[in-house]
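Report on the structure
Take a look at the letters that make up each chain.
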Amino acid sequence: QVKAKIFVIILHYPASAFRAKKFYPALFLGNWNHTYLDSVGSDGLSADMKKLVEKTCRADTTKAVNIDGMAEKIMSDAIKSVSSHDLIYPGQLPSHQSASTAAFQIKYSYLTSVLSVNIGETTIGNFLKSQFIKLWSEENLERILRRAAWSLQNGTSQLGLTSCLKGILQEAMETFLIISFLQLNEWKNLDLCFHSNRSDEADNLFYIILTSLPAIPFEELLLHQVGSLRKCKGLPNINASELQAQFPFFSRVNLMLDQVVESSLQKMSTENKKGSMILSLSTTKLLNNTMKTLRATTDEKSIPLKTLACVTSSDTLYTRYFEQFLQWKLNCKADSTIGKWFVDKLRTEGNQVQLCCKGEKILLIHIIARKYDMELARLSSFRNELPLWVNQDRNAEMSDKSHAAYSLGGPIILDVATEWFMAHMAEFLKGRNTNLKWMEHFSTFRRIMTDIIGNDAISSNRTAHILRLLFFFDALEVNSVSQTSKAFCFERFYNFESSSFQTDLDTRLDCLVALIYGMNESQEIKINCTNDLLNHFFSPAWLVSVEMLWKEDLNFVINYLTDTDLASSSKKLLFNLVRNACVHGATLDSKLGKSTQIIHCEDLKLSQSRLLVVNSLLCCDDLSSFSEDGFRDKIPHFIPHFAQTEHMDMDMPDASALTNKNFGVFFSKYESSFKPGDKLAEAVFQIVMERIITTCNNLHSDKILLSLWKDIEIECNVTRKEQTRRCRTLFPSEEDTIAG
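Residues numbered from 1 in each chain as written. Predicted model: local features only at pLDDT ≥ 70, side-chain atom pairs only at ≥ 80, totals over all residues. Heavy atoms only, no water.

**Structural notes on the nonpolar core**
The criterion, for reference: We define a nonpolar core as any set of buried Ala, Val, Leu, Ile, Met, Phe, Trp, Tyr and Cys residues linked to one another through side-chain atoms lying within 4.5 Å. Think of it in three bands: with a 1.4 Å probe and only protein chains considered, a residue is buried below 20% of the maximum accessible area for its type, exposed above 50%, and partly exposed in between. What counts as a helix is a DSSP run of H or I of at least four residues, what counts as a strand is a run of E of at least two, and both are numbered from the N terminus. Only heavy atoms enter the contact rule, under which two residues are in contact if any of them lie within 4.5 Å.
If you look at the biggest cluster of nonpolar residues, it comprises 96 residues, and the most contacted ones within it are Leu 177, Phe 181 and Phe 342. A total of 12 residues in this core trace back to one element, the largest contributor, which is helix α7 (residues 161-184). With residues up to four places along the chain from it excluded, the contact list for Phe 342 reads Phe 322, Phe 325, Leu 326, Leu 330, Ile 365, Ile 368, Ala 369 and Leu 376. Judged by nonpolar contacts, the second largest core, of 69 residues, contains Leu 549, Leu 574, Val 583 and Ala 683.

Below you can see the structure in the form of structure tokens.
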């Protein structure tokens, strides 16, 4: 029996070889076993490295290498190194410490807890480990072995082969984890693994997107220098650091949908050779083309389609996405002015399209945001400070039409401005010295309000109510009303328990004037405050822009100023205010597309609707003076005060003495049909006469006479039936009915 013999060959090179770099690595093939002395006494990982070398060099498929076990050991070591990198946003750590100053142990515990989170049928740690293992194909194993051998041969590594391999795998795992954590935590996405809003629907979508993320290229792991890796992706706005993530991988989904919408727009622009503005494009066409573009994407970019599929079966996910989009992208909340504006646009545009599934609603969000991106950008720039003029020269007039505000819809900017003033209304109760800045801003706002609105009309009732309230308190401040009286009025609209204004604001003129007369102030102050309100709500700037409560205002101002207890100056004020209402109300009617039907109303450029209200308040006799055959027997007249004498005798001939019957009816029985001293009748006469004189400018007398003749014929030929129809259809409060 021959005893087995063992041959041991020890290869060794002297220390001087380090300087000459002529040492040689030895890789034993065939049936030789090899052991590197630098791996003796290690944690066992080097033994796996040895098997890896044998398997790769011998191409032996019978020997299995435990890559899973190797990855487990490498990950546990790498996570310690990864914890020293800036992968966490401020406020994410349980201790609420800054991510950059938090202790290593706190960050290490946080990242370790992330790896143990259960998502789907696995944990995040096991999923990452499986992804890492998939990278190590036979070809890649051979590649890193060759790289380790080159490192030894070129002298760039002073380690043994197994230690060199271990180092390469350790660096690759560290790079892999850093890149993975950066993807997982974009825009605080890992918050969804911990906070109370976690749900089964969100977890399911989290797992779907996680397993759909593109694999990290193997070469990227080997070429990346760990120190060169970027930090956390910057948050979209300064307020996002205080917000929680609500939708899984919102940053990635949002970016992909933006890219799809942009690709669709570029394709549509290419097909349309003439080109077109995005605002002119049909929302339906945009949505359909974007869905086609989305369905044509490759598997690598299938995350949006999978997201839309999940949202289709869940209203909660859509709500989460929309809320995070408003807060993170538009930097606002749904109940803010910008949020309401965007919701209104979404609803208006959404009514024009037929959605195939609920998931398309998310795509519609991005289409509307892209379609109105300029408006949103400018509107967002006025968010937290007084809009338009806060950075302007206080002495400069805001008349430059190139200002960003004027290229945006005026009512939008007005909404933001009114909300700002409303939020600072409490300054009224802090004393005159404290609210000087507010008054200065509001004074500027009043001056440029017309320029802001431009040719638009204020459509938001809330904005109109707020503006009326602002001008009410401004009138109190201007007339030096006491703090006690201001607090008395303030309590009428403000809820101190909830620290907010009431939602159902009652800003009718009769309500506001009643508050003024309920204050403990002198009669002079009360009258001055009331007149300031009347002058504002009947100013041209207000009348051409605000429709809300115009009818109530006009009724009130006529009844208030025709009160015999008021001073004689009220007659002139009544004329000015009613004239403004009729003249400038016509401009607002034109903006709103309302037609004019009253005879001569269009020629005189007076508002039909305002004249109806005025007409209903005139007290006129002889309207029903008709003959037996149903024609006019007498024409009601108004004789102005300057044409009357104490014993007026017109000495008009009988109708039979005139060759023209209509002239006889018109001029016979020529007497006033209105009560003496009727302020409203005098005001209406002046308004109509003024407009007639303006209309007759540059006309010859014969043309004016013919026009008068025609008017007399029209008036005299009105039948009893026609007069009855007029009285019924022109009833001011129910113009569209036969009441009255």
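**Notes on helix α13 (residues 315-329)**
For the record, the criterion: To estimate how far a helix should extend, the number of its residues minus one is multiplied by 1.5 Å. Side-chain atoms alone can form a polar contact between residues adjacent in sequence; in general such a contact is a pair of N or O atoms within 3.5 Å, and within protein one must be able to donate a hydrogen while the other accepts it.
The end-to-end C-alpha distance of α13 is 20 Å, a good match for the 21 Å that 15 residues give at a rise of 1.5 Å each. When we look at burial in α13, the residues that qualify are Leu 317, Tyr 318, Arg 320, Tyr 321, Phe 322, Gln 324, Phe 325, Leu 326, Gln 327 and Trp 328. You can read the cap of α13 off the contacts: a side-chain oxygen lies 3.5 Å from the backbone nitrogen of Thr 316, and it is on Ser 314.

**A closer look at the packing of aromatic side chains**
Selection criterion: Two rings from Phe, Tyr or Trp (for Trp, the six-membered ring) form a pair when their centres sit within 6.5 Å of each other. Planes less than 30 degrees apart are called stacked, planes more than 60 degrees apart edge-to-face, and all others tilted.
Enumeration according to the criterion identifies 23 aromatic pairs in this entry. Ring centres 6.3 Å apart and planes at 15° place the aromatic pair Phe 667 and Tyr 670 in the stacked group. Using a relative accessible area of 30% as the deciding quantity, one classes Phe 667 as partly exposed. Pairwise contacts between aromatic rings join Trp 187, Phe 247, Phe 250, Tyr 321 and Trp 328 into one cluster.

**Considerations on the confidence of the model for the protein**
Convention followed: Known as pLDDT, the predictor's per-residue confidence is scaled from 0 to 100.
With 71% of its residues at a pLDDT of 70 or more, the protein has an overall mean of 76. Of all the helices and strands in the protein, helix α1 (residues 16-20) carries the lowest mean pLDDT, 54, while helix α21 (residues 509-518) carries the highest, 93. Across residues 383-408, confidence stays below pLDDT 50; counting only partners more than four residues off in sequence or on other chains, it has 52 contacts. Residue range residues 731-740 is modelled with pLDDT below 50. Its contacts to residues more than four positions away, or to other chains, number 16 contacts.

**Quick word on the side chain of Asn 662**
Here Asn 662 shows up in helix α28 (residues 661-667). On the basis of relative accessible area, Asn 662 is assigned to the buried category, the value being 14%. The contacts of Asn 662, once residues within four sequence positions are left out, are Ile 712, Glu 713, Cys 716 and Asn 717.

**Some remarks on the packing of helix α8 (residues 200-212) against α13**
This is how it is decided: Here an angle of 0 to 180 degrees is reported between the N-to-C directions of two axes, which are lines fitted to C-alpha atoms, with helices fitted over the stretch in contact. Should an angle lie under 35 degrees it is considered roughly parallel, over 145 roughly antiparallel, and from 65 to 115 roughly perpendicular; all remaining angles are considered oblique. Any residue outside Ala, Val, Leu, Ile, Met, Phe, Trp, Tyr, Cys, Pro, Asp, Glu, Lys and Arg is labelled polar, Gly included; the first ten of those are nonpolar and the last four are charged.
The N-to-C vectors of α8 and α13 enclose an angle of 75°; their axes lie 9 Å apart at closest approach. On the basis of the axis angle, α8 is roughly perpendicular to α13. Together, Glu 201, Ala 202 and Leu 205 of α8 and Thr 316, Leu 317 and Arg 320 of α13 make up the contact between the two elements. When grouped by side-chain class, the residues that make up the contact of α8 with α13 number 3 nonpolar, 1 polar and 2 charged.

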